[in-house]
Amino acid sequence: MSTVSKTSKPSDTRPTEFILPDLVSHCTFPIHVSRHRKQVTAETSKWFFRNGNLLGKKKQNYTGLQAGLLTSMVYPFAGYEQLRVCNDFMVYLFHLDNLSDDMDNRGTKGIADVVLNSLYQPYTYHSEARLYWKRFIKTGSAGAQQRFIETFDAFFQCVTQQAIDRRNGEIPDLESYIIMRRDTSGCRPCWALIEYGNNLDIPEDVMDHPLLRSMGDAANDLVTWSNDLFSYNVEQARGDTHNMVVVAVDFVGDLCKQSIDRFSEDRSRLPSWGEKIDKDVNAYADGLEDWIVGSLHWSFESDRYFGNSWPPSQGRPSRHSSPSQGHMSRVRTGSTSLSINLIKG
């Protein structure tokens, strides 16, 4: 786990607005939406709310989140049962993210113990996490299972460090931030779900190839840094310093675009491992592309970052239509550059 530098605490002098760069137009990957979206969304909602654990505004926030849309855009070719597992995990991950925002390091360690015990002992340790994990291990390859556990463990380690930084009011230096954020984003377990959702079985030495690892990091950086841009308004109002915009305000948008370009360049240079492995690697790379473009468009469909306050004159930059037949639908794109007024903390 990376070390967080002890740098200056956040300044009291804050800007009143910032310009949201146009990332959507820079990303030309095709968008797909699974035909199972509505059914999966409904079934996950029944599971998640079955004990009345979220009520009132919290339940409304979940509905506005549109996690089912995100899952359907980033795992569009998964079968129904696998997409349901992916969506259950995505909802659970968002839930963990919301919980960790309000927890100290002891609280995050407690959750980590419960979740990781569920992964290592799915048939004896009872928790919410084991409900999707038992279904994952039925068809997921041994490699995908191991990568899911290892990366989810790293997620909890870094979220705990983030809680310590938040308590101390510390802002990490850029290098430390980038390394840690790739784990706190929660993206790496989601990459293992690409393998699971598409029935891939990629050998460890192939997954460890520098270009394939770099592609995963590039996709992670885009999802993470764009999230920091889109969530900055909410997080700066509550004083959260683990946000790329706080660390490097002036060039976050350019870094996002560079990560898309880096991904495409790396993919064009992938070697061949033989017909069968190449087919799985290509499907995995497609899955990373789906995450890059799907997460960008979902960010403007969801209420998570902008709520209902999106300027009417701007319009939402993406619109999706439910597929009437076939496996996917297309999403229309538009510009996203606009000025955002900052919320006062």
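This one's a predicted model, so the numbers in the text were calculated from it and none came from an experiment.

Peer 1: Which residues make up the environment of Ser272, and what values do they have?
Peer 2: Mapped onto the elements of the fold, Ser272 is located in the loop between α13 (252-268) and α14 (275-301). With a relative accessible area of 57%, Ser272 lands in the exposed category. From its side chain, Ser272 meets the backbone nitrogen of Gly274 in a polar contact 3.4 Å long. Only 2.6 Å separates the side chain of Ser272 from the side chain of Asp278, close enough to count as a polar contact.

Peer 1: Report on α14, specifying residues and quantitative values.
Peer 2: Taking 1.5 Å as the rise per residue, α14 with 27 residues should run 39 Å; its terminal C-alpha atoms sit 38 Å apart, in good agreement. Bending of α14 peaks at approximately 25 degrees at the position of Ser295. By the criterion of burial, α14 is predominantly enclosed, with 19 of the 27 residues buried.

Peer 1: So what's going on with the packing of helix α6 (residues 128-139) against helix α7 (residues 142-168)? Which residues, and what values?
Peer 2: At their nearest, the axes of α6 and α7 sit 10 Å apart, and the two run at 150 degrees to each other. With respect to α7, the axis of α6 lies roughly antiparallel. On α7, the residues touching Tyr132, Trp133, Phe136 and Ile137 of α6 are Ala144, Gln145, Phe148, Ile149 and Phe152. The residue inventory of the contact of α6 with α7, partitioned by class, reads eight nonpolar, one polar and no charged.

Peer 1: Run through the nonpolar core, naming residues and quoting values.
Peer 2: Note that soluble globular proteins tend to have their nonpolar side chains buried in a common cluster. Judged by nonpolar contacts, the single largest core of 87 residues is most densely connected at Tyr75, Phe148, Phe152 and Trp191. By residue number, the principal contributor to this core is helix α4 (residues 80-101), which donates eleven residues. Not counting chain neighbours up to four residues away, the residues in contact with Phe152 comprise Phe89, Leu93, Leu96, Val115, Leu116, Leu119, Tyr132 and Pro189.

Peer 1: Could you give an account of the packing of aromatic side chains, naming the residues involved and the relevant values?
Peer 2: A full pass over the atoms with the stated rule returns 21 aromatic pairs. Relative to Trp291, the ring of Trp191 has its centre 5.4 Å away and its plane inclined at 65 degrees; by these criteria the two rings are edge-to-face. Taken together, the residues Trp191 in helix α9 (residues 187-197) and Trp291 in helix α14 connect sequence positions 100 residues apart. Trp291 shares its class with Trp191; the two are buried. Three or more aromatic residues joined by ring pairs form one cluster here, namely Phe89, Tyr92, Tyr132, Trp133, Phe136, Phe148, Phe152, Phe155, Phe156 and Tyr196.

Peer 1: Provide a residue-level description of the confidence of the model for the protein chain, including the pertinent values.
Peer 2: This prediction gives the protein chain a mean pLDDT of 80; 74% of its residues lie at or above 70. Note on residues 1-11: pLDDT under 50 across the span, and 27 contacts to partners over four residues away in sequence or across chains. Confidence drops under a pLDDT of 50 for residues 311-345, and excluding neighbours within four residues, the segment shows 106 contacts in the predicted structure.

Peer 1: If you had to explain the pattern of salt bridges to someone new, which residues and values would you point to?
Peer 2: In total, this model carries 16 salt bridges according to the counting rule given. The shortest N-O distance in the salt bridge between Arg135 and Asp88 comes to 2.6 Å. Of the two residues, Arg135 sits in helix α6 while Asp88 sits in helix α4, which places them 47 residues apart along the sequence. Among the residues examined, Arg135 registers a relative accessible area of 23% and is labelled partly exposed. Asp217 is the partner of Arg188 in a salt bridge, and the nearest nitrogen-oxygen pair spans 3.1 Å. Taken together, the residues span a long stretch of sequence, with Arg188 in helix α9 and Asp217 in helix α11 (residues 210-237) at a distance of 29 residues. The exposure class assigned to Arg188 is partly exposed, which follows from its relative accessible area of 25%. Salt bridges here are not isolated pairs; linked through shared partners, they connect Arg182, Asp183, Arg188, Asp217, Asp221 and Arg262.

Parameters at a glance
Residues numbered from 1 in each chain as written. Predicted model: local features only at pLDDT ≥ 70, side-chain atom pairs only at ≥ 80, totals over all residues. Heavy atoms only, no water. Helix = DSSP H or I, 4+ residues; strand = E, 2+ residues; numbered from the N terminus. Buried < 20%, exposed > 50% of the residue type's maximum accessible area, 1.4 Å probe, protein only. Polar contact = N/O pair within 3.5 Å; in protein donor to acceptor, adjacent residues only side chain to side chain. Expected span 1.5 Å × (residues − 1). Bend = angle between axes of the 7 residues up to and from the residue. Axes fitted to C-alpha atoms, helices over the stretch in contact; angles between N-to-C directions. Parallel < 35°, antiparallel > 145°, perpendicular 65-115°, else oblique. Contact = heavy atoms within 4.5 Å. Nonpolar A, V, L, I, M, F, W, Y, C, P; charged D, E, K, R; others polar. Core = buried A, V, L, I, M, F, W, Y, C linked by side-chain atoms within 4.5 Å. Phe/Tyr/Trp six-rings, centres within 6.5 Å; stacked < 30°, edge-to-face > 60°. pLDDT = per-residue confidence, 0-100. Salt bridge = Lys/Arg side-chain N within 4 Å of Asp/Glu carboxyl O.

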